[in-house]
Amino acid sequence: MDDFHKTRRLPPYVFEQVNRLKAKARAAGADIIDMGMGNPDLPTPKHIVDKLVETVQNPRTHRYSASKGIPGLRKAQAGYYERRFGVKLNPDTQVVATLGSKEGFANMAQAITAPGDVVLVPNPSYPIHAFGFLMAGGSLRSIPATPGPELFEALERAVVHSIPKPIAIILCFPANPTASVADLDFYRDVVAFARKHEIYVLSDLAYSEIYFGDVPPPSILQVEGAEDIAVEFTSLSKTFSMPGWRMGFAVGNERLIAALARVKSYLDYGAFTPIQVAAATALNGSDDCIRETREIYKKRRDVLIDSFGRAGWDIPAPEASMFAWAPIPDQFKHLGSLEFSKLLIEKADVAVAPGIGFGEHGEGFVRIGLVENEQRIRQAARGIRKFFEDAGSNSKELSKSGA
Ligand SMILES: Cc1ncc(COP(=O)(O)O)c(C=O)c1O
C-alpha cells in the first residue's frame, strides 16, 4: 500500500487510533459517549424523507441522473443563496450539486491543481482541505485558522516567498475544528487580496446555518467582485441533518464551476434522482426545521459549556458550528491531545477528536462534537469530573510518595 504514489500522501488517520480504543472499550461493555465525530445524530425532517419515498416510486427516477445536478435542484440552491445572502447565481453556470461538499471539494482540487502547485490551507483544518490538494499533487503552505491579522500577515508572506506563487486560499468559517467565525469585513479584505494577486479562494460554508448568536455567518459571495475569484461549498448534511444522503454544492466563479463540472462528468452520474428531488424540497421549504435544529445544537452547546465547566474543564463557548474547540486542561497538557483523548475514553467513557488529527497546530486542543443529546452530555461531564478528581488524588499520592 505504501508503494503507491497517492496513498503515500495519505498518512494513517490519527482518529483511527481513538476509534480502535473506542471499539475495544465498547466491546468490553463500556457505554462510550461519542463526541468524536462530526456526524449529526438528528433525523432528517419528515417532509424531506416523504419526498424521497414518493419520488422513488416513479421508475423514471431510477435511471442515471445528471452529474452536475438536475435543473430543479440547481435552481433551488440559487434560490437559497438569494434568500439567505442576497446573492444572485446563474443556476446553469454557477451552481454544481456535489455528492456531499467533501466530494465537491476534493474534485475541485483535482480539477485545478497541477503537480507542485502551492495551496494555502488553514492549520488546523478539516482534513480534506489539506489532503484533497495533497492527493491532487499540490504542495501545502499552512495559514492560521483564525480570521485575524496573523492570517493576512501569513498571506502576504506566502505571495512573496512561495515558489511557484500560490494558486488558491482555503477558508472555512464557521470553522471545523476551531469553531472560529468570520464577518463580512474579513471576506472583503480576503477578496481584495485575492483579486490583487490573482489567487482563487475556496470557501467552505458547511455550517452556514449552525450558529448561536444573532448574526448569521456571511457568504464570501456577498462581497462585490468575489465571483471573479471565489467558489463556496455548502452542504445539506448539517443544515437539514442529511449527512448520509451525500448532498452538497459548489457555487460561484464560473470558470472554477465549469472545471469541477467537467471532472465530475467523467467520474459520476450525480446523486440518485430521488435524493436530488428531496434535496430541492429541503431547500425550497420553510426554514422552520433549520431553526429547530439550530436551537437543539445551541442548547447542547450551553449544557456542554456549563456541565464541563462545573466538572473543572473551562471551554470557550463556540459561536457557531457543531463543535467546541477545547484546550487540554493544564494538568494533562504534557500528554498531548492524542494521549489525552485516549485517557478520556479509558477513564471517563468519553470520546473526543484529538486536535493533532487536524494538523500540527491543532496540538494542545481536542474537538468536542455536539452530537449527543443533553442528557448524554451531562453524563459525559460526570465521567470527566470523576476522571479529573481521581487523576488529582493520584498525582497527590504520587507526590507524597516522592515519585
Ligand atoms: C467544514 C466541513 N466541510 C465539509 C464537511 C463535509 O460535509 P458533507 O457531508 O457535505 O460532505 C464537513 C463535515 O464534517 C465539515 O465539517
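Residues numbered from 1 in each chain as written. Predicted model: local features only at pLDDT ≥ 70, side-chain atom pairs only at ≥ 80, totals over all residues. Heavy atoms only, no water.

Draft legend 1. Focus on the packing of aromatic side chains. All chains considered together, the criterion is met by 21 aromatic pairs. Geometrically, the ring pair formed by Y64 and Y269 is stacked, given 4.0 Å between the ring centres and 25° between the ring planes. Residue Y64 is located in the loop between α2 (46-56) and α3 (71-85), and its partner Y269 is located in the loop between α9 (254-267) and α10 (273-284); the two are separated by 205 residues in the primary sequence. Relative accessible area serves as the criterion here: at 66%, Y64 is assigned to the exposed category. Classification of Y269 by relative accessible area gives partly exposed; the value is 49%. Arranged with centres 5.6 Å apart and planes meeting at 65°, the rings of F152 and F186 form a pair that is edge-to-face. (Phe/Tyr/Trp six-rings, centres within 6.5 Å; stacked < 30°, edge-to-face > 60°. Helix = DSSP H or I, 4+ residues; strand = E, 2+ residues; numbered from the N terminus. Buried < 20%, exposed > 50% of the residue type's maximum accessible area, 1.4 Å probe, protein only.)

Draft legend 2. Local environment of unusual backbone geometry. Cis peptide bonds are those with omega within 30 degrees of zero, and the linkage from I163 to P164 qualifies with -5°. Locating P164 in the fold gives a position in the loop between α6 (149-161) and β5 (168-172). The residue after F173, namely P174, is reached through a cis peptide bond having omega -10°. Phi at A179 is positive, roughly 65°, even though this residue is not glycine. Topologically, A179 is positioned in the loop between β5 and α7 (184-197). Despite not being glycine, S241 shows a phi value in the positive range, around 50°.

Draft legend 3. Structural context of the site of the ligand. Lining the immediate surroundings of the ligand are 13 residues, of which D204, Y207, S235, S237 and K238 lie closest. Between N176 and the ligand, the recorded distance is 2.7 Å, taken from a side-chain N or O atom to an oxygen atom. Here Y207 contributes a side-chain N or O atom positioned 2.6 Å from an oxygen atom of the ligand. In isolation the ligand has 400 Å² of accessible area, and contact with the protein removes 93% of it. Looking at the shell around the ligand, the elements that each hand over two or more residues are α4 (100-112) and α8 (236-239). When residues of the shell around the ligand are assigned to their parent elements, the largest contribution, three residues, is made by α4. (Near = heavy atom within 4 Å. Polar contact = N/O pair within 3.5 Å; in protein donor to acceptor, adjacent residues only side chain to side chain. Areas by Shrake-Rupley, 256 points an atom, 1.4 Å probe, with all protein chains shown as cover.)

Draft legend 4. Just the side chain of S219, in detail. Positionally, S219 belongs in the loop between β6 (200-204) and β7 (230-235). At a separation of 2.5 Å, a polar atom in the side chain of S219 contacts the side chain of E232. Other than its neighbours up to four places away in sequence, S219 contacts Y81, F85, L184, Y187, L205 and E232. (Contact = heavy atoms within 4.5 Å.)

Draft legend 5. Main features of the UniProt feature "domain: Aminotransferase class I/classII large" (unreviewed entry) in the protein chain. In this structure's numbering, the residues bearing the UniProt feature "domain: Aminotransferase class I/classII large" (unreviewed entry) are residues 31-382. Secondary structure across residues 31-382 comprises 42% helix and 14% strand; the distance between its end C-alpha atoms is 13 Å. (UniProt positions renumbered as here; feature names shortened; annotations may be inferred.)

Draft legend 6. Geometry of the packing of α2 against α10. Packing of α2 against α10 leaves a shortest axis separation of 8 Å and a crossing angle of 145°. The crossing of α2 and α10 is right-handed. Taken together, the residues of α10 that come into contact with α2 (itself represented by H47, I48, K51, L52, T55 and V56) are P274, I275, V277, A278, T281 and A282. Classifying every residue of the contact of α2 with α10 by side-chain character gives eight nonpolar, three polar and one charged. (Axes fitted to C-alpha atoms, helices over the stretch in contact; angles between N-to-C directions. Left-handed = near helix turned anticlockwise from the far one by under 90°. Nonpolar A, V, L, I, M, F, W, Y, C, P; charged D, E, K, R; others polar.)

Draft legend 7. View of the domain arrangement of the protein chain. Segmentation of the protein chain into domains returns domain 1 (5-43 + 288-401) and domain 2 (46-286). Here domain 1 and domain 2 have C-alpha centroids that lie 28 Å from each other. Between domain 1 and domain 2, the residue contacts involve 34 residues of the former and 31 residues of the latter. Both sides of the domain 1 and domain 2 interface together cover about 2,900 Å² of buried area, and 63% of this is carbon and sulfur. Inspection of the domain 1/domain 2 interface yields one salt bridge. Put simply, E209 and R294 hold a salt bridge, and the shortest N to O gap is 3.0 Å. At the junction of domain 1 and domain 2, the tally comes to 13 residue pairs in polar contact (both at pLDDT 80 or more). Contributions of two or more residues to the side of domain 1 that touches domain 2 are made by α11 (288-310) and β9 (323-327). For the side of domain 1 that touches domain 2, the leading source of residues is α11, giving eight residues. The residue inventory of the side of domain 1 that touches domain 2, partitioned by class, reads 17 nonpolar, eight polar and nine charged. (Domains from an automatic or database assignment. Buried area = accessible area lost by both parts, 1.4 Å probe. Salt bridge = Lys/Arg side-chain N within 4 Å of Asp/Glu carboxyl O.)

Draft legend 8. The arrangement of the sheet that holds β5 in detail. Spatial strand order, β2-β8-β7-β6-β5-β3-β4: seven strands in an open sheet with mixed pairing. Two strands close off the open sheet at either side, each with one partner strand: β2 (95-98) and β4 (139-143). With direction set aside, neighbouring strand axes in the sheet form an average angle of 20°. Note: strand β3 (residues 118-122) against β5, two bridges, orientation parallel. The residue bridging V119 from the neighbouring strand is A168, located in β5. α4 contacts β2, β5, β6, β7 and β8 (248-252) of the sheet and is inclined by roughly 155° relative to β7. (Pairing = 2+ DSSP bridges.)

Draft legend 9. Quick peek at empty space enclosed by the protein. Applying the stated criterion across every chain, the model contains three cavities of 30 Å³ or more. Forming the boundary of the largest cavity are 16 residues, of which P122, P124, A145, C172 and A175 lie nearest the centre. No other element matches the three residues that β5 contributes to the lining of the largest cavity. Here the residues of the lining of the largest cavity are counted per class, giving twelve nonpolar, four polar and no charged. (1 Å grid on protein atoms, 1.4 Å probe; cavity = no way out; pocket = protein on both sides within 12 Å on 5 of 7 lines; lining within 4 Å. Points joined across faces, edges and corners; volume = space filled by probe spheres on them.)

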